[in-house]
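Coordinate inspection notes
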Amino acid sequence: GESVGLHLPTLSVQEGDNSIINCAYSNSASDYFIWYKQESGKGPQFIIDIRSNMDKRQGQRVTVLLNKTVKHLSLQIAATQPGDSAVYFCAEPNAGGTSYGKLTFGQGTILTVHP
Amino acid sequence: ETGVTQTPRHLVMGMTNKKSLKCEQHLGHNAMYWYKQSAKKPLELMFVYNFKEQTENNSVPSRFSPECPNSSHLFLHLHTLQPEDSALYLCASSQEAVSYNEQFFGPGTRLTVL
């Protein structure tokens, strides 16, 4: 029979290009967001986080932008490398209003970097 | 060993079997988590333990039974599973189970239920 699964958004870029991965959220009260990277055969790995009192936060080659007006955040990767190929998730730990570290993940975006 | 380890990495079981997944963290953390990652749904939280006490059960069927004997170890006991339970089961840990503590994930156990 036909299998039904998640159809993840995909982004394919050339090595050296910049990549932008997007995420939308629904809870206007959300005040903290995290980006995770998951490589094949591994668990998710923390990349960068941002609190709602900020619009932008920069790390090493990565920048997260937060637009609270339209409830959207993005992850920008500069000079993308083949090692950046992975599934990228946005997550929020306050969904549901608990303080117990309950992470709610987005569906993820597959990034493929071609040499 | 460093970080979060999980055993076994792969498991195939029948619907009548009983098996257990093991997670161990070497980070000195006090909170541990079980997540399920399947092909059909986004990564979803199953259970949270904070200082060995269960603080979250995300409406998980009783055929999944967690156990946290100490802050470093977490088990997921499995019995009479269904084929739709086939998924990657991920364990994570954090300093405490609060929102701003980074969660560190293990590599997961790939479970197949026949």
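Note that the structure is a prediction, hence the values are computed from the model and not measured.

Conventions we followed
Residues numbered from 1 in each chain as written. Chains lettered and ligands numbered in written order. Predicted model: local features only at pLDDT ≥ 70, side-chain atom pairs only at ≥ 80, totals over all residues. Heavy atoms only, no water. Helix = DSSP H or I, 4+ residues; strand = E, 2+ residues; numbered from the N terminus. Buried < 20%, exposed > 50% of the residue type's maximum accessible area, 1.4 Å probe, protein only. Lys, Arg positive; Asp, Glu negative; His and termini not counted. Salt bridge = Lys/Arg side-chain N within 4 Å of Asp/Glu carboxyl O. Contact = heavy atoms within 4.5 Å. Pairing = 2+ DSSP bridges. Axes fitted to C-alpha atoms, helices over the stretch in contact; angles between N-to-C directions. pLDDT = per-residue confidence, 0-100. Buried area = accessible area lost by both parts, 1.4 Å probe. Polar contact = N/O pair within 3.5 Å; in protein donor to acceptor, adjacent residues only side chain to side chain. Nonpolar A, V, L, I, M, F, W, Y, C, P; charged D, E, K, R; others polar. Disulfide = S-S within 2.5 Å.

All right, on to the side chain of Lys36 of chain B then. Residues and elements named next belong to chain B. In this structure, Lys36 sits in strand β4 (residues 31–37). The buried charged residue Lys36 lacks any salt bridge, with Asp85 as its nearest oppositely charged partner at 4.2 Å. The contact partners of Lys36, leaving out residues within four places of it in the chain, are Pro42, Leu43, Glu44, Met46, Glu84, Asp85, Ala87, Leu88 and Tyr89.

Another aspect to go through is the sheet that holds strand β3 (residues 18–25) of chain B. Residue and element names in this part refer to chain B. Strand order in the open sheet formed by four strands is β1-β3-β8-β7, with antiparallel pairing between adjacent strands. One side of each edge strand has no neighbouring strand; the edge strands of this open sheet are β1 (4–7) and β7 (64–70). When strand polarity is set aside, the average angle formed by the axes of neighbouring strands in this sheet is 20°.

We now examine the confidence of the model for chain B. For chain B, per-residue confidence averages 94 on the pLDDT scale, and 99% of positions sit at 70 or higher. Here strand β6 (residues 53–57) of chain B stands out as the element of chain B with the lowest mean pLDDT, 91, in contrast to β1 of chain B, whose mean of 98 is the highest.

The next subject is the interface of chain A and chain B. Each side of the interface is counted separately: chain A has 25 residues, and chain B has 25 residues. Here chain A meets chain B over a buried area of about 2000 Å², counting both sides, of which 54% is carbon and sulfur. On inspection of chain A and its partner chain B, the count reaches one salt bridge. A salt bridge links Lys102 of chain A to Glu56 of chain B; the nearest nitrogen and oxygen atoms lie 3.6 Å apart. The tally of links between chain A and chain B comes to five residue pairs in polar contact (both at pLDDT 80 or more). Those elements giving two or more residues to the side of chain A that touches chain B turn out to be β3 (32–38) and β4 (45–51) of chain A. For the side of chain A that touches chain B, the leading source of residues is β3 of chain A, giving three residues. Partitioning the side of chain A that touches chain B into residue classes produces 11 nonpolar, 10 polar and four charged.

Here we come to the environment of Ile50 of chain A. Residues and elements named next belong to chain A. By secondary structure assignment, the location of Ile50 is in strand β4. Between the C-alpha atom of Ile50 and that of Glu92, which follows or precedes it by 42 residues, the distance is 10 Å. Aside from chain neighbours lying at most four places away, what touches Ile50 is Asp31, Tyr32, Phe33, Asp55, Lys56, Arg57, Val64 and Leu66.

Take the state of the cysteines next. Between two cysteines, a covalent bond joining their sulfur atoms is known as a disulfide. In this structure the tally under the stated criterion is two disulfides over all chains. Sulfur-sulfur distance for the disulfide between Cys23 of chain A and Cys90 of chain A comes to 1.6 Å. Across the S-S bond of Cys23 of chain A and Cys90 of chain A the torsion is about 45°, and the bridge reads as right-handed. Remark: Cys90 of chain A occurs in strand β8 (residues 86–92) and Cys23 of chain A occurs in strand β2 (residues 19–24); sequence separation between them is 67 residues. Through a disulfide, Cys23 of chain B is tied to Cys91 of chain B; the S-S separation comes to 1.9 Å. Taking the sign of the S-S torsion, -75° for the link of Cys23 of chain B and Cys91 of chain B, the bridge is left-handed. In this pair, Cys23 of chain B sits in strand β3 while Cys91 of chain B sits in strand β9 (residues 87–94), placing the two residues 68 residues apart along the sequence. A single burial state applies to Cys23 of chain B and to Cys91 of chain B, both of which are buried. Not engaged in a disulfide, the cysteine Cys68 of chain B finds its nearest cysteine sulfur in Cys91 of chain B; these two sulfurs lie 9.0 Å apart. When its relative accessible area of 10% is taken as the criterion, Cys68 of chain B is described as buried.

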